[in-house]
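These are the residues of each chain, in order.
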Amino acid sequence: MVDEKIDVEIMRRSALRASGLLKTLSNPDRLLLLCHLSRGECCVGELEILSGIQQPTLSQQLGVLRDERLVNTRREGKQIFYRVASKAALAVMQVLYEQFCKPDTRGNNDRLG
């Protein structure tokens, strides 16, 4: 049991922020894009090749990630580069990698449980 008194309103605001992040990550295309971006900055063309997500879906999902402030962009000539801007998103991506993507050295391929 926790001795500290919990401020319900602070918890409610935190829960809203967390659920917003999880809602954004719940789209498979956005999740895949963040997977690639968590490894480092990529331009749009690289993301299209790496993810297999084609225009206009790629632009739409990158726009959502920008709007939610999960990624930042920079322009170099005609190319736009994306990188992860959210420490919270990176932390969640690390947990997801450990649970679902990291090779299982015990030979167990069932990563869902």
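The notes below deal with the structure included here. Because the structure is a prediction, the values reported are computed rather than measured.

## Examining the sheet that holds strand β3 (residues 79–84)
Taking strand neighbours across the sheet as the criterion, the three strands line up as β1-β3-β2 in an open arrangement whose pairing is antiparallel. The open sheet is flanked by β1 (42–43) and β2 (71–76), the only strands paired with a single partner. Direction of pairing for β2 relative to β3: antiparallel, over a ladder of six bridges. Counted as the bridge partner of R75 is I80 from β3. The strands touched by helix α2 (residues 28–37) within the sheet are β1, β2 and β3, with β3 carrying the most contacts at an inclination of about 90°.

## Quick look at the nonpolar core
Ranked by size, the top nonpolar core spans 17 residues in total, and within it L33, L34, L37, L47, L62 and L65 carry the most contacts. Among the elements of the structure, α1 (8–25), α2, α4 (57–67), β3 and α5 (87–101) are those that each provide at least two residues to this core. In this view, L47 contacts L33, H36, L37, C42, G52, L58, L62 and Y82; residues no more than four positions away in its chain are not counted.

## Considerations on the packing of α2 against α4
Remark: α2 packs on α4, axes separated minimally by 10 Å, with the N-to-C direction vectors making an angle of 75°. Viewed along their axes, α2 and α4 adopt a mutual orientation that is roughly perpendicular. Of the residues in α4, those in contact with D29, R30, L33 and L34 of α2 are T57, L58, Q61, L62, V64 and L65. In terms of residue class, the contact of α2 with α4 is built from six nonpolar, two polar and two charged.

Cut-offs used in this document
- Residue numbers restart at each chain and count upward from 1, following the sequence in its written direction.
- Where totals are concerned, whole chains, interfaces and linings use all residues; where local detail is concerned, this predicted model gives features only for residues with pLDDT of at least 70, and gives and counts side-chain atom pairs only at 80 or more.
- Excluding hydrogens and water, the side-chain figures rest on all heavy atoms present in the structure.
- In this description, strands pair whenever DSSP reports at least two bridges between them.
- Helical segments are the DSSP runs of H or I of at least four residues, strand segments are the runs of E of at least two, and each set is numbered from the N terminus.
- It only takes one pair of heavy atoms within 4.5 Å for two residues to be counted as in contact.
- Note on geometry: axes are C-alpha line fits, over the in-contact stretch for helices, and angles between N-to-C directions span 0 to 180 degrees.
- Only buried Ala, Val, Leu, Ile, Met, Phe, Trp, Tyr and Cys residues count toward a nonpolar core, and they belong to the same one when joined by side-chain atoms within 4.5 Å.
- Burial classes: relative accessible area under 20% of the type maximum marks a residue as buried, over 50% as exposed, and values in between as partly exposed (1.4 Å probe, protein chains only).
- Every angle not falling under 35 degrees, over 145, or within 65 to 115 is termed oblique; those three ranges are roughly parallel, roughly antiparallel and roughly perpendicular.
- Residue polarity is assigned by list, with Asp, Glu, Lys and Arg as charged and Ala, Val, Leu, Ile, Met, Phe, Trp, Tyr, Cys and Pro as nonpolar; anything else, Gly included, falls into the polar class.

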